[in-house]
Amino acid sequence: MPFFDQIFTLLANAPGNLVYHLVLAFSITGALQSAISQLRATGYPQVRRMVMGLSLLLFGQVILFIASGLAWQGVLNAGQILPSLDRAIILFSVLWIIWMWAFPEPARAWDATTTVLSLLTLIALAFGIVSRAGLPSEANFNVSPQSLAWNIAILAVLALGALLLLMRRPLGFGSGLAVITLIGAGFLLDSFWTGSGDYSGIVRLFIMAAYPLLLTLPNRFPTPTSGAANQTVSVFQKNVAESAGTDRPSQSLRERRRYSTDPKTLSSLLALAAEVDASKINQHIARAVAQAMLADLCFLIFVGDDKNTLFIASGYDLIREENLDGGLMNKDTVPMLANAVLRGRPLRLPASTTSSDLKGLGDMLGLSNPGNLLNVPITNDQGTLGSVLLLSPYSNRLWNADDQTFLSNIAMSFVPIIERGRRIAEIEHQREMARQSAEETLSQLARIQASNAEITQEMEAIKGKMQDGGDLERNYQDALTTLEAVRIENEKLKSRVESAKSDGSSSGNAYYESELKLTLGEVARLQNQLAEANIKLLEIEKQPSGKLSTDQAEVIASIAQELRQPMSSIIGYTDLMLGESVGILGALQRKFVERVKASTERIGSLIDDLIQITTLETGLMSLKPETVDLNLIIDNAMAYTSSQLREKNISLRIDLPEALQPIRADREAIQQILIHLLQNAGAASAVEGSVTLRVRTERENDQDYVLLQIADTGGGIPAEDMERVFSRLYRADNVLIQGVGDTGVGLSIAKTLTEAQGGRIWVDTEMGTGSTFSVLLPIRQPEVEVQG
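These figures come from a predicted structure and were not determined experimentally.

### Observations concerning the pairing of strand β11 (residues 690–700)
- Relative to β11, strand β9 (residues 651–655) runs parallel, the two being bridged by five bridges. If you follow Ile654 over to β11, its bridge partner there is Leu693.
- Looking at chain direction, β11 and strand β12 (residues 703–711) are connected through nine bridges and run antiparallel. Bridge pairing in β12 links Val695 to Leu708.
- Hairpin connection from β11 to β12: two residues lie between these consecutive antiparallel strands, with Asn701 at a positive phi of about 55 degrees.

### Some points on the packing of helix α12 (residues 335–343) against helix α13 (residues 356–365)
- Between α12 and α13, the least distance of the axes is 7 Å, while the angle of their chain directions is 95 degrees. The orientation of α12 relative to α13 falls into the category roughly perpendicular. Packed against α12, whose contacting residues are Pro335, Met336 and Leu337, the element α13 presents Ser356, Asp357 and Leu361 at the interface.
- The residue makeup of the contact of α12 with α13, split by class, is four nonpolar, one polar and one charged.

### A closer look at the packing of aromatic side chains
- If you walk through the whole model with that rule in mind, you get five aromatic pairs.
- Look at Phe92 and Trp96: their rings are 6.3 Å apart centre to centre, the planes differ by 55 degrees, and that puts the pair in the tilted class. Taken together, the residues Phe92 and Trp96, both in helix α4 (residues 78–102) and four residues apart, mark about one turn of the helix.
- Note on Phe92: relative accessible area 15%, which makes it buried.
- According to the relative accessible area criterion, Trp96 is buried, its value standing at 8%.
- Both rings, one in Phe302 and one in Phe311, keep their centres 6.2 Å apart while their planes meet at 80 degrees; by these two values the pair is edge-to-face.
- Connected via pairs of aromatic rings, a cluster forms that spans Phe92, Trp96 and Trp99.

### Details of the environment of Leu349
- Structurally, Leu349 can be placed in strand β5 (residues 347–349).
- Sequence-wise, Leu349 and Glu105 are 244 residues apart; in three dimensions their C-alpha atoms are separated by 9.7 Å.
- Residue contacts for Leu349: discarding those within four places in its chain leaves Tyr44, Pro45, Gln46, Met336, Ser355, Asp357, Asn372 and Leu373.

### Observations concerning the pairing of strand β7 (residues 383–391)
- Counting buried residues along β7, eight of its nine residues qualify, which places the element largely inside the surrounding structure.
- Direction of pairing for strand β1 (residues 297–303) relative to β7: antiparallel, over a ladder of six bridges. Directly across from Leu300, in β7, lies its bridge partner Val388.
- Relative to β7, strand β6 (residues 373–380) runs antiparallel, the two being bridged by eight bridges. In the sheet register, Pro377 faces β7, and the bridge partner there is Ser387.
- Between the antiparallel neighbours β6 and β7 lie two residues.

### Digging into the nonpolar core
- Grouped together as the largest cluster of nonpolar side chains are 56 residues, with contacts concentrated most on Leu54, Ile183 and Leu214.
- Of all the secondary structure elements, the ones that give two or more residues to this core are α2 (17–42), α3 (45–72), α4, α6 (145–168), α7 (173–192) and α8 (201–210).
- Membership of the second largest hydrophobic core comes to 40 residues, among which are Leu623, Leu678, Val725 and Leu777.

### Considerations on α13
- Buried within α13 are the following residues: Asp357, Leu358, Gly360, Leu361 and Gly362.
- Structurally, α13 contributes buried residues whose contacts are with β4 (327–329), α12, β5, β6 and β7.
- Among the residues trailing α13, Gly366 stands out with phi positive, at a value near 75 degrees.

Cut-offs and rules
Residues numbered from 1 in each chain as written. Predicted model: local features only at pLDDT ≥ 70, side-chain atom pairs only at ≥ 80, totals over all residues. Heavy atoms only, no water. Pairing = 2+ DSSP bridges. Helix = DSSP H or I, 4+ residues; strand = E, 2+ residues; numbered from the N terminus. Axes fitted to C-alpha atoms, helices over the stretch in contact; angles between N-to-C directions. Parallel < 35°, antiparallel > 145°, perpendicular 65-115°, else oblique. Contact = heavy atoms within 4.5 Å. Nonpolar A, V, L, I, M, F, W, Y, C, P; charged D, E, K, R; others polar. Phe/Tyr/Trp six-rings, centres within 6.5 Å; stacked < 30°, edge-to-face > 60°. Buried < 20%, exposed > 50% of the residue type's maximum accessible area, 1.4 Å probe, protein only. Core = buried A, V, L, I, M, F, W, Y, C linked by side-chain atoms within 4.5 Å.

This is how it looks when you write it as structure tokens:
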């Protein structure tokens with residue numbers, strides 16, 4: 001093929017190789033000029049990377065062109081330097097072409113890899129030049145081992161580039177794949193059709209065919225237009241799109257205007273100016289910006305107090321006309337956006353399939369394609385407060401420099417409003433803390449007053465005991481004094497008797513014997529009184545210091561009330577955190593706080609059970625029958641136990657008659673019965689099980705009754721454990737009793753309350769299926785009182 005041989009020879013040798021250098025230079029220059037123009041119009045970070053890559057390509061071609069010219073003039077040794085330099089420039093250019101096409105957005109790992117491979121190319125070039133020193137100028141480079149090594153390295157890089165493009169599929173990856181294929185085809189053909197000389201005409205021909213495709217690089221990202229050509233979505237388009245069953249309006253229905261003059265925009269601004277609720281100010285800002293900019297989605301992003309965290313305060317969907325919830329942002333998933341917000345810089349990104357920022361936002365917001373992005377910072381004298389983020393997932397609107405300037409002016413006008421909202425939020429937080437502190441102080445004061453009252457009562461009781469003991473002590477001392485006097489008198493009498501015996505007077509003996517008997521009787525009486533006093537003193541000393549069972553019940557109730565105060569504080573603070581009044585919670589943080597609240601409420605229910613079982617044990621609780629609407633009681637019990645059932649995804653089925661007549665019963669008692677039975681059914685049933693609540697009216701012995709039945713799917717209760725189901729201590733005997741989920745007191749309380757109202761409770765069970773707890777209560781009953 002002489003014709004092709006002539007072309008290959010022309011491209012491989014001077015002066016014909018000048019055509020090769022000019023085609024490459026003009027192709028790179030044209031692409032670079034388009035990229036610079038697009039960078040001025042858009043400011044996209046992707047275009048900035050493109051400009052840098054094309055500049056490196058042009059720099060390499062300029063070096064090669066200058067070296068070729070100097071060698072032509074005989075300044076440089078062409079045979080030693082130019083062949084290795086030609087292969088090194090080709091490898092260097094291929095590396096950065098793959099980098100521009102496969103990684104339009106920043107990718108630290110591949111950016112570093114491309115830089116390292118470029119440095120290795122320069123090192124290989126130096127070794128190549130040194131290795132050819134001393135060789136004759138007529139040596140054929142194309143058939144040398146060094147040329148083979150360069151060709152293998154270039155083909156390996158081209159194969160890697162093709163694989164990356166096929167895997168990542170960035171915008172315009174087809175053109176990049178074509179460039180790589182053409183260059184690779186040239187080197188493959190050269191390996192089978194190796195010509196003489198230092199340069200390959202086949203390779204240069206295919207490179208000349210591939211480089212004009214670089215002009216398509218800037219066309220990968222659309223350039224926004226100014227004025228009326230910029231198209232956005234109106235509310236009318238939204239209604240048409242919804243009626244057509246699609247999320248994106250058709251191109252023919254798009255309205256040719258950039259900013260809104262709709263009255264809703266003015267209404268949003270007026271509502272924002274009048275808003276005094278800190279939690280709603282951010283919502284009004286997002287709504288006002290979305291309506292003013294005609295943005296599909298608008299989000300208000302704030303910087304945390306540590307100047308390092310970001311969270312979405314609020315958002316607004318203009319197409320669906322609804323507020324969007326906020327949340328904590330992960331900076332690692334949106335690196336460019338996070339860097340722009342923290343540094344207070346604007347950012348515009350086109351829709352891209354390889355952008356980690358757009359992918360991160362799509363995952364966070366549940367969008368397959370977030371569209372084009374515009375972010376403008378909100379700053380004050382102290383630094384960056386946050387930013388306003390606009391997305392166009394529905395209209396695919398492109399944001400231009402005019403949009404960025406307009407949004408920047410709007411954002412600056414919101415700074416005083418945002419600062420006012422933060423001050424209001426801080427004041428509300430301080431007010432809430434002051435209120436909680438005041439409530440805690442009042443609670444402590446009440447506890448101190450109650451403690452003082454108890455201490456006063458105890459002092460009075462001790463004082464009374466001491467007074468009783470003092471009277472006995474005085475009686476005891478008086479008895480001892482009297483006894484001592486009697487003893488002295490007795491001695492005197494004995495001496496008189498002895499003297500009388502010595503006198504031998506019978507009449508005197510009779511007199512003194514009678515006196516002695518009287519005295520001994522008095523001594524015996526006093527000794528008996530002393531013994532009784534000793535016994536009473538011993539009884540007082542041995543009497544236990546504790547109070548009677550009623551007092552013990554009051555002490556238990558007092559301790560339970562003491563436990564309620566810290567629990568109330570915990571619940572208050574968790575509600576404050578769940579309300580996000582002190583900061584935005586992440587999904588995992590919200591889950592942990594909700595678990596803390598659920599556990600605290602569980603402890604509260606256990607304390608209620610403790611108080612209730614204590615009052616029932618001591619007979620302090622009295623029932624107050626009244627007319628009760630069972631529908632309301634059932635609704636309250638379902639609301640109380642719904643969170644427990646929802647945690648295990650248990651379905652609750654309700655079977656009620658069409659007309660449920662009121663009954664006369666204690667409202668609190670019947671509600672407690674239902675709650676305990678529903679809690680037991682929820683705890684006994686497996687995950688994704690079911691609980692059934694049935695209500696029926698029956699008539700027995702000329703008496704109307706209401707029958708409440710709660711059925712679970714807990715697998716049934718063994719026959720040997722049936723008699724212990726309503727026993728208060730059965731859980732201590734057998735913790736793992738099958739088919740019962742009660743804590744050990746709930747079913748006992750339900751049984752006591754049922755029987756106190758003249759009803760009865762029982763359980764029917766079927767092994768392998770579940771149990772049904774039934775409560776039969778009379779519809780009319782007299783007022784009764786629970787007996788301990």
